[in-house]
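Examining the three-dimensional arrangement
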Amino acid sequence: MGNKIQKTNAARLLDRAGISYRLVPYEVDETNLAADHVAESLGEDIRQVFKTIVLHGERTGHFVCVLPGDREIDLKKAARVAGDKKAELIAMKELLPLTGYIRGGCSPIGMKKPFPTFFHTTATDFPVIYVSAGVRGLQLEIDPQDLIGYVGATVADIVSTPDEEEES
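To keep things clear, this report deals only with the structure shown in the data block. (Residues numbered from 1 in each chain as written. Predicted model: local features only at pLDDT ≥ 70, side-chain atom pairs only at ≥ 80, totals over all residues. Heavy atoms only, no water.)

Attention shifts here to the nonpolar core. One broad rule of soluble globular proteins: the nonpolar side chains tend to lie buried together. The biggest cluster of nonpolar side chains holds 32 residues, and the ones touching the most others in it are Val54, Ile109, Phe119, Ile129, Leu140 and Leu147. Contributing elements (two or more residues each) for this core: helix H1 (9-17), strand S1 (21-25), strand S2 (50-57), strand S3 (61-68), helix H4 (92-99), strand S6 (129-132), strand S7 (138-142) and helix H5 (144-151). Counting residues per element, this core draws most heavily on H1, which supplies four residues. What Leu147 contacts, discounting residues up to four positions off in sequence, is Pro108, Ile109, Phe119, Ile129, Val131 and Ile142. With 14 residues, the next largest nonpolar core counts Ile53, Phe63, Leu67 and Ala82 among its residues. (Core = buried A, V, L, I, M, F, W, Y, C linked by side-chain atoms within 4.5 Å. Buried < 20%, exposed > 50% of the residue type's maximum accessible area, 1.4 Å probe, protein only. Helix = DSSP H or I, 4+ residues; strand = E, 2+ residues; numbered from the N terminus. Contact = heavy atoms within 4.5 Å.)

Structure, rendered in structure tokens:
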């Protein structure tokens, strides 16, 4: 097995769109799919390693939130930006049939169908951010502006404040 990284569907879509990115492999730990493990493996700032979460709004249906690895989704804020009163995380078993991706390898790019997507406001604070390339063990390093533009995302505040996180 050579060092050639297999291009994922997400990477091929970016190629087609003429968007530059870098594929960055990391060591997968099946017992720890958390973003902080990914950041540690990459030697990158956890605030630049973004996780992709799929939610279901009571009226609007499915939507996607992309947030820093060290933050928690605020369901009320997420519902509000999606134009809904209430939203909840989808069941893990729905992830693959809905998006085509598995947990720990869910990319905001190239889901089975496009869903409204919201990036946390801090995404644009960095020259590059990391998101899943669509498989476990591979991240995309990409300019957040390019990515947000490509997926047609909205930038919004979708995370709980650190004080709220401590209470939960």
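Turning next to the pattern of salt bridges. Counted according to the given criterion, the structure contains seven salt bridges. One salt bridge in this structure joins Lys51 and Glu72, with 3.9 Å as the shortest N-O distance. Residue Lys51 is located in strand S2, and its partner Glu72 is located in the loop between S3 and helix H3 (75-81); the two are separated by 21 residues in the primary sequence. (Salt bridge = Lys/Arg side-chain N within 4 Å of Asp/Glu carboxyl O.)

As for its position among the elements, His37 is in helix H2 (residues 35-42). Assessed through its relative accessible area of 15%, His37 is described here as buried. Sequence-distant contacts of His37, defined by excluding residues within four places in its chain, comprise Glu27, Val28, Asp29 and Asn32.

Taken as a whole, the largest pocket encloses approximately 660 Å³ of empty space. At five residues, the largest contribution of residues to the lining of the largest pocket is made by S2. Taken together, the residues of the lining of the largest pocket sort by class into 17 nonpolar, six polar and four charged. (1 Å grid on protein atoms, 1.4 Å probe; cavity = no way out; pocket = protein on both sides within 12 Å on 5 of 7 lines; lining within 4 Å. Points joined across faces, edges and corners; volume = space filled by probe spheres on them. Nonpolar A, V, L, I, M, F, W, Y, C, P; charged D, E, K, R; others polar.)

Attention shifts here to the environment of Asp157. With respect to the helices, strands and loops of the structure, Asp157 is situated in the loop between strand S8 (154-156) and helix H6 (162-167). Measuring from C-alpha to C-alpha, the distance between Asp157 and Ser41 comes to 27 Å, with 116 residues separating the pair along the chain. Filtering out sequence-adjacent residues up to four positions away, Asp157 remains in contact with Lys77, Val81, His120 and Thr121. Polar contacts involving the side chain of Asp157 include one to the side chain of Lys77, which spans 3.2 Å. (Polar contact = N/O pair within 3.5 Å; in protein donor to acceptor, adjacent residues only side chain to side chain.)

Another point: H1. Here H1 has its buried residues at Ala10, Ala11, Leu13 and Leu14. Each buried residue of H1 sits inside an arc of 160° when the element is viewed along its axis, so together they form one side. Where H1 is buried, its residues contact S1, S7 and H5. After H1 finishes, the residue Gly18 shows a positive phi value of roughly 70°. (Arc of directions from axis to C-beta.)

Next up on the list: the packing of aromatic side chains. The full count for this structure, using the stated rule, is one aromatic pair. Their ring planes at 85° and their centres at 5.9 Å tell us that Phe63 and Phe118 sit as a pair that is edge-to-face. Of this pair, Phe63 sits in strand S3 while Phe118 sits in strand S5 (residues 117-120), and the two are 55 residues apart along the sequence. On the accessibility criterion, Phe63 (1% relative accessible area) is buried. (Phe/Tyr/Trp six-rings, centres within 6.5 Å; stacked < 30°, edge-to-face > 60°.)

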